[in-house]
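Letter by letter, the chains look like this.
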Amino acid sequence: MTLLCREVLSATSLLCGSGGAMRLPQLESELRTRCHITPRDFNHMVNECPRFLMVRGPGGDVDCVVVAKTSLRLCRDYSRGQCAATDCEDLHLCRFFIYGSCRFGKGRKPCRFSHDIQSAHNYRQLRESTLHELQESDLFLLLLQNDPTLLPEICTHYNHGDCPFKENCTKVHLCLHYVQGACIFGQKCNRQHEVNEHNGRMLAERGLSSDIINKLPIIYRNHHYLNPVAHSPVNVSRPTCPTPSDSKEAICLHFLWNHCKFKKNCRFVHFHLPYKWEVFNGNNWEELQNMVAVEREFSDPNKDQSSGVPTVDFVHMTVDSQPVRRLSTISSVLKPHHEQTTDWRWYLRVRNENWWEYGEPFKQDDGTGTFVSSKYLEKQYQKDKSAMVKVVKGQREYMISFKDMYQRNYKYNTRRRIRRRPCFVSGEEVKKRGNTSDWGTFRNY
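Calculation notes
Residues numbered from 1 in each chain as written. Predicted model: local features only at pLDDT ≥ 70, side-chain atom pairs only at ≥ 80, totals over all residues. Heavy atoms only, no water. Axes fitted to C-alpha atoms, helices over the stretch in contact; angles between N-to-C directions. Helix = DSSP H or I, 4+ residues; strand = E, 2+ residues; numbered from the N terminus. Parallel < 35°, antiparallel > 145°, perpendicular 65-115°, else oblique. Contact = heavy atoms within 4.5 Å. Nonpolar A, V, L, I, M, F, W, Y, C, P; charged D, E, K, R; others polar. Salt bridge = Lys/Arg side-chain N within 4 Å of Asp/Glu carboxyl O. Buried < 20%, exposed > 50% of the residue type's maximum accessible area, 1.4 Å probe, protein only. Pairing = 2+ DSSP bridges. Arc of directions from axis to C-beta. Polar contact = N/O pair within 3.5 Å; in protein donor to acceptor, adjacent residues only side chain to side chain.

## A closer look at the packing of helix α1 (residues 5–17) against helix α8 (residues 136–146)
Geometrically, a packed helix pair is captured by the angle between its two axes and the distance between the axes. Contact pair α1 / α8: the axes reach a minimum separation of 9 Å and the direction vectors enclose 75 degrees. As the angle between them shows, α1 and α8 are arranged roughly perpendicular. Residues T12, S13, C16 and G17 of α1 form the contact with α8, whose participating residues are D138, L141 and L142. Of the residues in the contact of α1 with α8, the class split is three nonpolar, three polar and one charged.

Right under this line is the structure:
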């Protein structure tokens, strides 16, 4: 099932307009007043889209909380005036502009940092993250609860007894259990559950607007949901609601060999290629024209879209805002001895917008070893499509997230995009591999 871009955008806007999170039933109810989304599509969206995190409560679905999520961050080097990289994947924006209180942007003297979310660089990053249509205020709240560098630190001394710095403390005095959703004392708690006057003045001096200061306890809580610590009392799990299954999304291997004994009763798709591109017309899925040409370009990791008509956007999987999906045979790592399976390759974006396949010789290799292979990553992906996988090159460790498709180095706070693309197979190759009798239908593609 293809995630619907408009529905994801509307849900993100609703969450940000409600402080960054909503209870599951409320989100579904309000979203259905904006969009014609079915319960099945809604469950699939909130469970499978990396834009959302489900937080399980004690009362089942009624207590499920949906939190707005993004991997987009502000560039730390840019804020120091040191980022000149053309392939930087973070936003180049003034942090005080996000706080809503940059004194330079409103005065005669211009700010030396960008206040333009539509600049060429920022728009490219927002579009890659499908956030380019989000309202500015919603975007800023989304960044605040996801980017840990934007939030002032909560004082641990204050939470572990008494802060020795008292009113000279530069950290926020808030009950840590409260922002984690686990304070058992409620209004009788000895620690603050909201920003007091002293902390408010301190934060205002550091550039935070009064609106953000008032929302800080909720922003901290959402940030905690998104970045739980190991000893956290909050039970965070994903997914928590049932995900609809659709077995009619895999192409039948036996049919490609012309000997599927189930025929029309087969639970898999019968098609003459190991891949099938479809576009949603509002009611049904229809076959996409120029299917083989689209597949050839999709197999190239450097391609963000196809060049033919209609043009397929590979990043957002759409054609003229209509959802597009790609059906295929199962991965070759699951049936390694079958010729009609799909051979998936994994790529890392390196310098100058180029993509490099994992396991292949690296041009900038310093002799300290290589990353893991595409095959290894595909095996891990098939085990758990939301896993975090550690890879090593020399003395450096990286974490690959299948959920948002990034490779990160947490020590240096850097990240690079990754991509999973199939190895192209032409119609002629399919014919040679298999035993398809209805070869004439290939001419239509």
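## Digging into the pattern of salt bridges
On inspection of all chains with the given rule, the structure shows 22 salt bridges. The shortest N-O distance in the salt bridge between E133 and R6 comes to 2.7 Å. Remark: R6 occurs in helix α1 and E133 occurs in the loop between α7 (120–128) and α8; sequence separation between them is 127 residues. The residue K215 makes a salt bridge to D211 at a minimum N-O spacing of 3.3 Å. Residue K215 and its partner D211 are located together in helix α12 (residues 210–226), separated by four residues, close to a single helical turn. A relative accessible area of 34% means that K215 is categorised as partly exposed. Each of E89, E128, R349 and R417 takes part in salt bridges that share partners, so that together they form one network.

## Quick notes on the sheet that holds strand β9 (residues 355–357)
With respect to topology, six strands assemble into an open sheet ordered β9-β8-β13-β12-β11-β10, the strand pairing being antiparallel. Whereas interior strands pair on both sides, the edge strands pair on one side only; in this sheet they are β9 and β10 (388–393). Neighbour to neighbour, the strand axes of the sheet diverge by 30 degrees on average, direction disregarded. Bridge analysis of strand β8 (residues 344–349) against strand β13 (residues 414–422) gives five bridges, and the strand direction is antiparallel. Among the inter-strand pairings, Y347 is bridged to a residue of β13, identified as R419.

## A look at helix α15 (residues 374–383)
Along α15, the residues classified as buried are S374, L377, E378, Q380 and Y381. Each buried residue of α15 lies within a common arc of 160 degrees when the element is viewed along its axis, so the set occupies one face. α15 presents K375 and K383 as exposed residues on the side facing more than 90 degrees away from its buried surface. As for α15, its buried residues are in contact with β8, β9, β10, β11 (396–401) and β13.

## Notes on the sheet that holds strand β6 (residues 318–319)
One open sheet accounts for four strands, arranged β5-β4-β7-β6; its pairing is antiparallel. The two strands at the open ends of the sheet, each matched to only one other strand, are β5 (285–287) and β6. Across the sheet, helix α14 (residues 291–298) touches β4 (275–280), β5 and β7 (322–328), and the angle it forms with β4 is around 105 degrees.

## Some words on the pairing of β10
Burial along β10 is one-sided: V389, V391 and K393 are buried, and none of M388, K390 and V392, which face the opposite way, are. Direction of pairing for β10 relative to β11: antiparallel, over a ladder of six bridges. If you follow K390 over to β11, its bridge partner there is M399. Hairpin remark: β10 followed by β11, antiparallel, with two residues in the connecting loop; positive phi at G394, about 65 degrees.

## Side note on helix α11 (residues 197–205)
When α11 is considered as a whole, its buried residues turn out to be N199, G200, M202 and L203. Angular distribution of buried residues about the axis of α11 spans 165 degrees; they occupy a single face of the element. Across α11 from its buried face, at more than 90 degrees, point the exposed residues E197 and E205. The residue sitting at the N-terminus of α11 and contributing the capping side-chain oxygen is N196; that oxygen lies 3.4 Å from the backbone nitrogen of H198. G207 sits one or two residues past α11 and shows a positive phi near 105 degrees.

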